[in-house]
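# Commentary on secondary and tertiary structure
These are the residues of each chain, in order.
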Amino acid sequence: MSARARLRRIAAAAGVLVLVQALAVGLYRAVEHRRGAERPGRPFAYERLDGTRPVPDTAFERPDGTLLHAGALRGRPVLLHFWATWCAPCRAELPRLLELGRELEEAGRLKLVAVSVDESWEVVRAFFGGEVPPGVVRAGAPAVQRRFGVSTLPDTFLVEEDGMMALRFTGARDWRAPEARALLMERERPGP
C-alpha cells in the first residue's frame, strides 16, 4: 500500500471518528435538554384556570378496593396529582410531593390525592415496597384521566374547597420550592 493510500485511509477514519463524535455530542445535548425539561427543580410555574370548571364526577379506587368519589373532596382544598410508576419525571417528583402533602395535611391546609394511572395495584404496591402511602388512589380506567384532560404526566390540579379546579401544574415541579409552599399554604382562591 502506498503512503498516499495510507494517508487517505487515515483521513477517512479520522473523518468518520469526527462525525461519530459530533453525533454523540449532539445526542448527549438533546438528552440533557430533555432531562432538563422533565427534571424537578425547574421554575415553579402553573396555569391559572378560570375557576368555573368543577372536578369531573368520577371515582378513584383506593388500595383496599373501596372508592373515593370526587364529590367527597369538597370542603377543603385538594391537590389532585396524576402520575404513573413508569413515568420517570413522576418517580423523581412524587417523594417530594408526598412529603409536602403530609406537611400541608397536618397543618390543615389541603389534602393530597395522588392518582396513579397504572393498570394494577400490584405495580403500585411494588413501587412503594409493598405499603401504599395514604392519599394514593388509582384511576382505574383511562377514561378518568381523559375526563380531567390529562394527556401528559405528571399533571396536577389545585381544587378549591367548592370543588372548582383553580390551578394546573403540567409536568414535574420541585414541590420543595418556597414558591410551592407559599402558594399551597394560601387558603384564598387565586384570581383570574
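Residues numbered from 1 in each chain as written. Predicted model: local features only at pLDDT ≥ 70, side-chain atom pairs only at ≥ 80, totals over all residues. Heavy atoms only, no water.

## Details of the overall build of the protein chain
The test is simple: The helix count covers DSSP runs of H or I at least four residues long, the strand count covers runs of E at least two residues long, and both are numbered beginning at the N terminus. Exposure categories follow from relative accessible area, calculated using a 1.4 Å probe and restricted to protein chains: below 20% of the type maximum is buried, above 50% is exposed, and the middle band is partly exposed. Contacts: residue pairs with any heavy atoms within 4.5 Å of one another.
Each helix and strand in the protein chain was counted, giving five helices and eight strands. Taken from the N to the C terminus, the helices and strands of the protein chain come in the order α-β-β-β-β-α-β-α-β-α-β-β-α. A buried classification covers 39% of the 192 residues belonging to the protein chain. For the protein chain, long-range pairs separated by at least 24 residues make up 69% of all intrachain contacts whose partners lie at least 6 apart in sequence.

## Comments concerning the state of the cysteines
What counts, and what does not: By disulfide we mean two sulfur atoms from cysteines, separated by a distance within 2.5 Å.
Taken as a whole and judged by the stated rule, the model has one disulfide. Between Cys87 and Cys90 runs a disulfide, and the two sulfur atoms are separated by 2.4 Å. On the sign convention where negative is left-handed, the bridge of Cys87 and Cys90, at about 75° about the S-S bond, is right-handed. In this structure, Cys87 and Cys90 share a single accessibility class: buried.

## Things to note about the packing of aromatic side chains
Stated precisely, the cut-off is as follows: Two rings belonging to Phe, Tyr or Trp (six-membered ring only in the last case) form a pair when the distance between their centres is within 6.5 Å. Interplanar angles under 30 degrees mark stacking, angles over 60 mark edge-to-face geometry, and anything in between is tilted.
With the rule as written, the count across this model stands at nine aromatic pairs. On the basis of an interplanar angle of 45° and a centroid distance of 6.0 Å, the ring pair of Phe148 and Phe157 is categorised as tilted. Residue Phe148 is classed as buried on the basis of its relative accessible area, which comes to 0%. Owing to a relative accessible area of 0%, Phe157 belongs among the buried residues under this scheme. Consider the rings of Phe169 and Trp175, whose centres lie 5.3 Å apart with planes at 65°: the pair is edge-to-face. An aromatic cluster is present here, built from Phe60, Phe82, Phe148 and Phe157 joined pairwise through their rings.

## Comments concerning the environment of Leu153
Tracing the sequence through the fold places Leu153 in the loop between helix H4 (142–148) and strand S7 (155–159). Leu153 sits in the buried class, given a relative accessible area of 15%. For the pair Leu153 and Ala88, spaced 65 residues apart in the sequence, the C-alpha separation amounts to 9.4 Å. Excluding its chain neighbours within four sequence positions, the residues that come into contact with Leu153 are Phe82, Trp83, Ala84, Trp86, Cys87, Cys90 and Val117.

## Re unusual backbone geometry
The omega angle of the peptide bond from Leu153 to Pro154 is -10°, so this bond is cis rather than trans. Turning to its location among the elements, Pro154 is positioned in the loop between H4 and S7.

## Some details on the packing of helix H2 (residues 88–106) against helix H5 (residues 178–185)
Rules: Every axis in this analysis is a line fitted to C-alpha atoms, fitted for helices over the stretch in contact. Angles between the N-to-C directions lie between 0 and 180 degrees. Here a crossing is taken to be left-handed if its near helix is turned anticlockwise relative to the far helix by less than a right angle, and right-handed if that turn runs clockwise. Gly counts as polar in this scheme, as do all residues outside two lists: the nonpolar Ala, Val, Leu, Ile, Met, Phe, Trp, Tyr, Cys and Pro, and the charged Asp, Glu, Lys and Arg.
Relative to each other, H2 and H5 sit at 35°, their axes nearing to 11 Å. For the element pair H2 and H5, the recorded crossing hand is right-handed. For the pair H2 and H5, contact is made by Leu100, Glu103 and Leu104 and by Arg181, Leu184 and Met185, respectively. For the contact of H2 with H5, the class distribution of residues is four nonpolar, no polar and two charged.

## Focus: the pattern of salt bridges
Applied cut-off: Only one rule defines a salt bridge in this text: a Lys or Arg side-chain nitrogen within 4 Å of an Asp or Glu carboxyl oxygen.
Tallying each qualifying case throughout the model produces four salt bridges. A salt bridge links Arg138 to Glu61, with the shortest nitrogen-to-oxygen separation between them at 3.0 Å. Of this pair, Arg138 sits in strand S6 (residues 136–138) while Glu61 sits in strand S2 (residues 59–61); the two residues are 77 residues apart in sequence, bridging distant segments of the chain. Residue class for Arg138 comes out buried when judged on its relative accessible area of 9%.

## Some details on the environment of Leu68
With respect to the helices and strands, the residue Leu68 is situated in strand S3 (residues 67–69). Of the residues examined, Leu68 reaches a relative accessible area of 9% and is grouped as buried. Sequence separation between Leu68 and Val113 is 45 residues; the distance between their C-alpha atoms is 9.9 Å. Excluding residues that lie within four positions of it along the chain, Leu68 makes contacts with Thr58, Ala59, Phe60, Arg62, Leu73, Val113 and Val137.

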